[in-house]
Each structure stands twice: as C-alpha cells, then as structure tokens.
Amino acid sequence: MKRIRRAHATDRVGGRPASSKAGDTNTAGKAFRLLLAALLACGLMLTTPLAWAEELREEGTASFELDASAAAALGEQPDSSEPPALGEPPASAPTDPSEPPASDPSLLTPQATGDPTVVDVLADTQSDYVARRRAIEDQRRAFSDGVSRYTVLPSVHAPYAAGVLTQEYIQDSLHSLNFVRYLAGLPNDVDQDANYGAKAQAGAVLLAASNFAHYPVKPGDMDQAFYDQGLAGTSSSNIAMGYGSLQNAIIDGWAEDSDTYNIDVLGHRRWVLNPAMAKTGFGDANVTAFGGYQVMYAFDGSRAQAVDYEAIAYPSGQAFPSNVLFGTTAWSITLNPALYQTPTLSDITVTLTNGTNTWNFSASDGNKNGKFFNVDTNGYGVPNCIIFRPDNLTSYSGTYTVTVNGIRTSAGLPASMQYSVNFFAFDDAAPTLKPRSVRRDSESAATINFTSDEPGSYYYAFVPRGTAAPAIDTSGAGTPMIASEQSFTVSGLEAHTGYDLYLVGKDASGNVSGPLKIGIPTPPPPIVGAVIGKAVTLSTALAGGRNIDIPGRSTKQGEQAIIWSDTVGANQRFYVGDAGGGAVYLQNVNSGLVLDINGANISKGAAIIQWPYKGSNNQKWYIEEGAGGSGTYVISSVLNPSYCLDIYGGQNANGAKLILWERTGGANQSWDIAPITPSLADGTYTI
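Residues numbered from 1 in each chain as written. Predicted model: local features only at pLDDT ≥ 70, side-chain atom pairs only at ≥ 80, totals over all residues. Heavy atoms only, no water.

Q: Looking at this model, I keep getting lost on the overall build of the chain. Mind explaining?
A: When helices and strands are tallied, the chain shows nine helices and 39 strands. For the chain, buried positions account for 54% of its 687 residues. Within the structure as shown, the chain displays about 26900 Å² of accessible surface, and the carbon and sulfur contribution to it stands at 52%. (Helix = DSSP H or I, 4+ residues; strand = E, 2+ residues; numbered from the N terminus. Buried < 20%, exposed > 50% of the residue type's maximum accessible area, 1.4 Å probe, protein only. Areas by Shrake-Rupley, 256 points an atom, 1.4 Å probe, with all protein chains shown as cover.)

Here you go:
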C-alpha cells in the first residue's frame, strides 16, 4: 500500500504539468453542464436597476467601501435572492508563449514502487492550523472593518473602466488562496502578478456587464481592446458571482466546488491546488447586495521548483478543520501523473470509514445530490482526479480513513493508497456585540448597556465625537464578559461633549470582534426641559423647513414617517414625553403612536415608523445640541446615540422618508424644535 507524501518543492526545475485535452471527454455531459450553466446565468442575469442612491445616499459615505461617486459605476445587479454561482471551471490552459512549456513528467518526482506502506498526507499540527486560520480571520475582519476594496473604482457600463484593487484586498485574497493550498500540503507562497491581475479585473467588469460565462458576449458599447483584456481574464480564470468577496469565493466557492454542476470534475478546486502555480491575479466587480463578480487567474505554471508529491488530497492530514467543509463536500485525490498511470473509473474503488460507518465507492455511484464517485482525467491543473462523496452526513468530526485500490504506478505495477484525516472543530467565530442602551448619567459619567452572544472579555476606549477611532489593546485580561446583557460605567467625560466609544469582545479561543461604535450623548440641553409635556413641530434644517409628518394622517401601526411642508395638521405635531434618564419619546398628536426604529434595527437606513408606545429603547430618543450650538438639534437613539433621525438621501422634498443613519453632522440630521403656541381661530366664543 502506497505512502502518500506531503508535497514539497525540489531543486529540479520544471514548469507546469502537461495538460490533457481541454474540456470533457464526455461530450454529452459537458453539453448538459454548459446548458445548465447557461440557464443559470440567464436566470441570475434578470436584472433590475440597482438604486445606488438607496445604499449610498448620505454625505457621510466614507465608511462605505464604495462612496456615492460609485452610484453609476456598477450599473445593474442580478436578482440577489439567487445563491452564489461558480459556473464551469476553465478548461486546460492553452499554449501561451508567455508561460513556461509543459514540463517533462520525469522531473516531478521519483518513480513510485507500490511498496505497501502507509502515512498521513498532511502532518501539520492542530496548533499550526489554528495560528494560520486566526491570522486569515484577522485579515478578513480588518477588511470588513473598513479596508477599502478599490483605489480606482470600476465601471460596468460605458465608458467601461476596470478599476484597481487595493494591495490590502489583494493580500487578503492571497492569504485565503495560500491557506487552502496549505491545507492540501502544497507550497503556499503564491504571489500576485500585475499582468494576471489586470486581466482578472477587466474580466470581473466584463462579467458584470455581460453574461456569466468564461466566454461572455461582447457588449455593443464596449471597446474591443477592453473586451479582449476581459476575455483573456474570464477564459483563463476561476470565476464566481454572488460571494461578496474574493476570500469567500476562494474558500466557500472554488475550494468547496461540490455543487451538482461541478462535483464531477472539481475543476475550480484543482486549479486552486495546482502544484505548479506560483503567481495569480484577482478581479472583483462588487455589486453590493448581490455580492458581485470574482475572478482568479488560474493558468499559471511558473513555479521554478518542481513539486514533489505522491497525490494531492483534499481534505487531508492529521489535523484538518471541519469548519471549512460542509456535510456535502466532495473529497478528491489527484494522482501525480509522473508516478501513476491514468486511472480508469471502472478499475478504481475507494473505501471511506469513520469507525462507525463505511462507504464503498465504485463506478455505479453517480448521484450528484448524494453518494457520488467519479474519476476525471481532464487537465484542470493536474489530471487524474479521483472524486468521492459520502451520503447522509451533515458535518465531519473524528477520524476518517481512506483506502484507494485499482491504481497503477507509471511502471504498470498495481498499487493502493491509504491515509487518515483527523477532523477537529476550531472556534473561529468572534463574539457578536450589540448595543442595548446608553445613558448620560452626569456631565462626567455615562452607562453603556450591551449584549454578547458568548462569554469572554471586553475592552473599550472612547474619544470625543468625530475623533479618529483609537487602537484597542486586547492583549491583557480585559473585563469579564457574559453571554447576555451587561453594563458598565465610563467616567472622566467633559461637560457639553459627546463621545464615540469603541467596544470589542474576545472569547476564550482568542477571537476578537470588530469594534462596535457606540455614541455617548451630550447632557440634555435646556430645551428638553422646556418641551417635555408639550406638543412641538420637528422641522428639518434643510431649506424650506419641512416638518416630520405621518402621511395621510394615518393612524396605522407601522406607517413610515416622512417630511412635508407645514399643514398645521395634528399629524405634524408631536407630544414630547419624559422617558427617563434624559431621554424622551415622541408621540404623534393625531395617531397617538410614537416614533419607533422598525425592528429595533440599529443600522443605516432602518425605517422610522409609528408604533404603540411600549417603553422600549428603540422608541426613546436623546435631543442633543447640533454642532456649535447652532440652535438646531440632533435626535439620537437611546439604543446607540451614534445613530440619529435622518432624511433619506438628504432629499429636501415632500414625501422624503424618515430613516435612521449614523451621525454625519449634515443638515438632513438637524432639526428645529418649536413648541406649539395655542391660538384662537376667528369665531364667536361664550365665556
């Protein structure tokens, strides 16, 4: 029984392995997959205009990856209800004089002997995996916390522009690619290539502007040179749509690759795990809610050192993380063509056992939605791939042993392989923190209330409002954190000053959450005491001074508030009630319902509706002085005073909707509060 050695680079020089004939030898099967992919692409490409103004509609869009100037740049989006898609993997790399020629297989490794010995594929330890995985999650979290995706924005309509990815985003993507290669025991030092990157980025824009395929149709208004560059990318790359980021496309898409359209070849995975790959390039045309189009150049074989390997197994090893697999993930073993003859489906059998269950795989197992087995010899990276998937699993744990029979060495000797995979679950999920309330107790102190979904420690720092976010040191013990609601008090605040507090949590596994920004309000200004118990109008500081209004004098629960020119109607008057702790509630005089954050959803764009008063924090507000004490006021949420009442899109028009948004200091977040003075209409009165 043959040993399977961990891959490593040798001193021998070689290019990428020789590819077998491009595409599938099963013409009918390939045609069927192409038809399915085309139908999938057509279904996903039923587009509707993407209302960028609805997503990026504020003055303060700097916290977005794409600011409002990108509104026209990304055009339309596919139906976001559809799942992410991969399509087919790219066919074998064509002859390209810019790449090294196919190498002599004899340079890759010594000849196999078929000796009956057994070892594990990957011998790295669990602790090594944990360190690498945590580094990747830290990098991914850094990206999600504000690392910009582009230095130059792409445009997916005429005039087309590829855009330029930031080096931070490219490095994050390389880390994810190399992490998957590390799991398979391959050299994990693949680096970026500017030429590949230019092709891939143009390819991502082409996919967004045309149909989802390796050979997209040229849009009529696209320059031929741009189309040629994009086509060079899509036809030579792994492509994906809807994954949101390259990191997700690499780990959850191309490495997984086990959907019904791809399980029979696992071509995307095999390009990711091509031993000869040394360089790649990335492209991403992100379309916000849908998740965009991701591209990874695959046809590189420029590694200077040949890679010594018996077979490439995924999953493999003494310590393999179950976190990166699903119960439906297919297994793969790619034989080194220098050591083994081309395997034949009818000759190969695989046995998989976990000590409780045993699966025996043979050519009769062809259920793409269940137990599956295939041998694919096409040149996706390296040919000679044995593919199998057990059924009736939802996840992996414990030890699984794989035995392969029916293979032959390059000398024609019968051989078999056996290896074990030890799965472990690694907690790589950081705590989720949510704000519950903030109260300014005095000029110098405030109480912060928040929840966490797991125990650990929390850390925080606060700065005057509008100051750059501080660095938070989580190396120490921190304050004990429970998996529930909790509160703490901060002191040392200055009078008449609002603050931004940044809170992070760390669990027992060392996962650190992204910082949660929580506003600390200024102490209540004098007007609060002057208007409590009275009816007021709330007028925008935008020109014209339109009032907050409940449309149509509606008394319906859930009606979203708007702004409208003054009508002297009761639906534009609000009773200011004392909610305690310096907060107020705002009750519409006409309906008797109060202003409420729909679903207590503290996020940009949450609707402000009217709802019966329940005393909950999403119905309580702080009235704070505007910038410089200008005579206008900001109305911030008690849940998190970093968010306040805002006019959608800064629109100064009748019917513009009232929403929640992070504080920007804009006029569409500033309000004039005027008590209603009773007056007598003309007529006759009896005293």
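Still more to cover.
Q: Help me understand the confidence of the model for the chain, please; the structure alone is not making it clear to me.
A: Fine structural detail should not be taken from predicted coordinates in areas where pLDDT scores are low. Confidence in the prediction for the chain averages 81 pLDDT; 77% of positions are at 70 or higher. Throughout residues 1–82 the model reports pLDDT below 50, and contacts reaching past four residues in sequence, or to other chains, amount to 220 contacts. Every residue in residues 93–123 scores below 50 in pLDDT, and together they form 94 contacts with partners more than four places removed in sequence or on other chains. (pLDDT = per-residue confidence, 0-100. Contact = heavy atoms within 4.5 Å.)

Q: So what exactly am I meant to see when it comes to the pairing of strand 14 (residues 331–335) here?
A: Extensive coverage of strand 14 is indicated by the burial of five of its five residues. Judged by which residues are buried, strand 14 turns out to be covered on both faces: W331, I333 and L335 on one side and S332 and T334 on the other are all buried. With four bridges joining them, strand 12 (residues 311–314) and strand 14 adopt antiparallel strand pairing. By the bridge assignment for strand 14, Y314 is matched with S332. (Pairing = 2+ DSSP bridges.)

Q: Mind showing me how you'd approach the side chain of N618 here?
A: Mapped onto the secondary structure, N618 falls in the loop between strand 34 (608–611) and strand 35 (621–625). A distance of 3.3 Å separates the side chain of N618 from the side chain of D596, its partner in a polar contact. Residues within four places of N618 in sequence aside, it is in contact with L595, D596, I597, A600 and L639. (Polar contact = N/O pair within 3.5 Å; in protein donor to acceptor, adjacent residues only side chain to side chain.)

Q: In this structure, what is going on with the environment of S173? I would like to understand it.
A: Among the secondary structure elements, S173 is positioned in helix 4 (residues 167–183). Through-space distance from the C-alpha of S173 to that of N248 is 9.0 Å; in sequence the pair is 75 residues apart. In contact with S173, not counting residues within four places along its chain, are L246, Q247, I250 and F282.

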